[in-house]
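# Observations on chain architecture
One letter stands for each residue in the lines below.
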Amino acid sequence: MARYLITAGPTRESIDPVRFLSNRSSGRMGYAIASALLELGHQVELVSGPVNIEPPTGANTTQVESALEMLAAAEQLWGQCDGIFGVAAVADYRPANTSAEKLKRQADTLFSLQLEPNPDILATLAAKKDQRLAVGFALESDPSHNEAKRKLVAKNLDFVALNGISAQGAVQSAITLLDGADGIWQLGPAEKSELARELVRAVGITASRA
Ligand code: CTP
């Protein structure tokens, strides 16, 4: 039996107590991968941003909000895991300052928000992966493999799953899976639950014998 870490869902980056920056990620793909791994008898550490779906039964779930919280939770768990699937749609930036008070509307002035970059969670963890498995996603408007390959190398991944913008929030999806050599696998289109099973198989994970 192996133990896998999955980051899933969006992150929320607070502007003030009532407002945040986020994205359209539903968490479905990450949760489907968690289910597929559990079906094969593996253990799952699911670190999830805020979503409207239930975590699969049997997953150890840690709920977080921001990218910094997601990184802290994932770093804590990574030492006990055999692989990581970075499926979260981590906000690339967070407000440089979060207001403790609700910001007031000012009718006659332009408002600008200063943003600072968030850490790359998957790259941070995969840098310390040794022989462990690291799988990432690349959500791209451009269907060529260039950006996905660049991310695979930059983040020290074994595989990258390329999908289009339409995958976000959708029930069905399709993936082009790439490895660090010339391997290319077309997975789906299929419901994310089936696509996740195909993905887990394609990266070489088999049923636990324990
Ligand atoms: N990722 C991460 N932490 C970040 C950004 C991305 O862990 N701060 C992970 C995602 O979970 C995904 C992969 O890195 O597995 C690629 O995410 P993507 O949003 O496609 O790429 P970015 O690296 O953010 O690059 P860009 O937004 O410029 O395309």
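Residues numbered from 1 in each chain as written. Predicted model: local features only at pLDDT ≥ 70, side-chain atom pairs only at ≥ 80, totals over all residues. Heavy atoms only, no water.

### Focus: the overall build of the chain
Keep this limit in mind: Think of it this way: any DSSP run of H or I at least four residues long counts as a helix, any run of E at least two long counts as a strand, and we number them from the N terminus. Relative accessibility thresholds used throughout: buried, under 20% of the residue-type maximum; exposed, over 50%; partly exposed, between the two (1.4 Å probe, protein chains only). For this analysis, residues touch if any pair of their heavy atoms sits within 4.5 Å. The charge count treats Lys and Arg as positive and Asp and Glu as negative. His and the chain ends do not count. A charge is said to be at NZ when it belongs to Lys, at CZ for Arg, at CG for Asp and at CD for Glu.
Each helix and strand counted, the chain has 5 helices and 12 strands in total. Across the 210 residues in the chain, those meeting the buried criterion constitute 45%. Put simply, 62% of the contacts in the chain that link residues at least 6 apart link residues at least 24 apart. Charged side chains of the chain number 20 positive and 24 negative; the gap between the two group centres comes to 2 Å.

### Regarding the packing of aromatic side chains
Worth spelling out the cut-off: Two rings from Phe, Tyr or Trp (for Trp, the six-membered ring) form a pair when their centres sit within 6.5 Å of each other. Planes less than 30 degrees apart are called stacked, planes more than 60 degrees apart edge-to-face, and all others tilted. By definition, being over a ring means that NZ of Lys or CZ of Arg is both within 6 Å of the ring centre and within 35 degrees of the ring normal.
Counted under the stated rule, the structure contains 2 aromatic pairs. Where Tyr-4 meets Phe-85, the ring centres are 6.1 Å apart and the plane angle is 70°; that geometry is what we call edge-to-face. Linking Tyr-4 in strand 1 (residues 3-8) with Phe-85 in strand 6 (residues 83-86), this pair joins segments that are 81 residues apart in sequence. Overall, the relative accessible area of 8% leaves Tyr-4 in the buried class. When the ring centre of Trp-78 is taken as reference, the NZ or CZ atom of Arg-132 above it lies at 3.7 Å.

### Thoughts on the layout of surface pockets
Our working definition: Site definitions follow a grid-based scheme: protein atoms alone, a 1 Å grid, a 1.4 Å probe that fits but cannot get out for cavities, and for pockets an open set with protein on both sides within 12 Å along at least five of seven lines, plus lining residues having an atom within 4 Å of a point. Grid points are joined across faces, edges and corners, and a volume is the space filled by probe spheres set on the points. The classification used treats Ala, Val, Leu, Ile, Met, Phe, Trp, Tyr, Cys and Pro as nonpolar, Asp, Glu, Lys and Arg as charged, and all other residues, Gly among them, as polar.
Here the largest pocket defines a volume of roughly 840 Å³. Looking at the largest pocket, it is lined by 33 residues, and the ones nearest its centre are Ala-88, Ala-89, Val-90, Phe-137 and Leu-139. Those elements that place two or more of their residues in the lining of the largest pocket are helix 1 (28-39), helix 3 (121-126), strand 9 (133-140) and helix 4 (146-154). In the lining of the largest pocket, the residues fall into 14 nonpolar, 12 polar and 7 charged. Of the voids in this model, the second largest pocket is the one considered here, and its volume is about 150 Å³. Surrounding the second largest pocket, Arg-28, Tyr-31, Ala-32, Ser-35, Ala-36, Glu-39, Ile-53, Val-171, Glu-191, Lys-192, Ser-193 and Arg-197 form its lining. Contributing elements (two or more residues each) for the lining of the second largest pocket: helix 1 and helix 5 (192-202).

### Let's talk about the nonpolar core
We apply this condition: As used here, the term nonpolar core means buried Ala, Val, Leu, Ile, Met, Phe, Trp, Tyr and Cys residues forming a set that is joined through side-chain atoms within 4.5 Å.
Core analysis: the biggest nonpolar cluster contains 30 residues, and Ile-6, Ile-33, Leu-37, Phe-85 and Val-203 have the highest contact counts within it. For this core, the secondary-structure elements that each account for two or more residues are strand 1, helix 1, strand 4 (43-48), strand 9, strand 10 (159-164), strand 11 (172-179) and helix 5. Per element, the largest residue contribution to this core is 7 residues, and it comes from helix 1.

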